[in-house]
Amino acid sequence: MINYTIKLTVDENYLEACAQMMSISEPWITMQRDLSACRQAMQGQAKEIFVATENEKLIGFIVIQMAGVFKGYIQSICVSAQARSRGIGSALMQHAEKRIFSESPNVFMLCSSFNQRAAELYFRLGYEKIGVLKDFVMDGYDELLLRKTIGSLKKFGAW
């Protein structure tokens, strides 16, 4: 059992560690996202980055967008190879959902069609495939548009 905490961060050391973890993990390896591109993924005013740490050591993170048409978009999630299959990914997703559902009735995310293990997790957590974006990130690979909802924008009072 891992004892970990999940917290919002803007700490540059954690953001750099997130970018490094991302650059050596799937699906970003297949997508040819180098360390520079992964660093850029951590930047932006509308992004919130939550890190999972064990004794202050990074074991995973999730990046969400809380602005725009798809307010409540999960941009990236990553768990270190050493911490996988221990519930960290599920805990990060649930943490992000709680945050997003406080302001929006919908959580959106993309999952690469080749990333079957991740897709299985998202479906187990209640996400539905609502579309396919062909050749969206790179030629030859599709992105599955996923959504989890607790109601319509109108019912939620966000419309």
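It should be noted that the structure appears before, not after, this text.
Here's a quick rundown of the structure. (Residues numbered from 1 in each chain as written. Predicted model: local features only at pLDDT ≥ 70, side-chain atom pairs only at ≥ 80, totals over all residues. Heavy atoms only, no water.)

1. Some thoughts on the pairing of strand S2 (residues 47-54)
- Here S2 lies mainly inside the structure; seven of its eight residues are buried.
- Where strand S1 (residues 5-9) lies against S2, five bridges are found, and the strand directions are antiparallel. Within the sheet, the bridge partner assigned to Leu8 lies in S2 and is Phe50.
- Where S2 meets strand S3 (residues 57-65), eight bridges bridge the pair, whose relative direction is antiparallel. Following the sheet pairing, Ala52 is matched in S3 by Gly60. (Buried < 20%, exposed > 50% of the residue type's maximum accessible area, 1.4 Å probe, protein only. Helix = DSSP H or I, 4+ residues; strand = E, 2+ residues; numbered from the N terminus. Pairing = 2+ DSSP bridges.)

2. Considerations on the pattern of salt bridges
- In this structure the tally under the stated criterion is seven salt bridges.
- Glu56 serves as the salt-bridge partner of Lys7, at 3.3 Å between the closest nitrogen and oxygen. Of this pair, Lys7 sits in strand S1 while Glu56 sits in the loop between S2 and S3, and the two are 49 residues apart along the sequence.
- Among the residues examined, Lys7 registers a relative accessible area of 29% and is labelled partly exposed. (Salt bridge = Lys/Arg side-chain N within 4 Å of Asp/Glu carboxyl O.)

3. Remarks on the pairing of S3
- Counting buried positions along S3 gives eight out of nine residues, so the element sits mostly inside the fold.
- Counted between consecutive antiparallel strands, the loop separating S2 from S3 contains two residues, among which Asn55 sits at a positive phi close to 55 degrees.

4. Remarks on the packing of aromatic side chains
- Within the structure shown, the criterion is met by three aromatic pairs.
- Aromatic pair Phe70 and Phe108: ring centres 4.6 Å apart, planes at 70 degrees, arrangement edge-to-face. With Phe70 in the loop between S3 and strand S4 (73-79) and Phe108 in strand S5 (residues 106-112), this pair connects stretches of sequence that are 38 residues apart.
- With relative accessibility at 9%, the residue Phe108 sits in the buried group. (Phe/Tyr/Trp six-rings, centres within 6.5 Å; stacked < 30°, edge-to-face > 60°.)

5. Notes on the state of the cysteines
- Counting across every chain of the model gives zero disulfides.
- Of the cysteine sulfurs around Cys18, a residue in no disulfide, the closest is that of Cys78, at 8.2 Å.
- Between Cys111, a free cysteine, and Cys78, which holds the nearest cysteine sulfur, the sulfur-to-sulfur gap is 13 Å.
- For Cys111, a relative accessible area of 2% gives the class buried. (Disulfide = S-S within 2.5 Å.)

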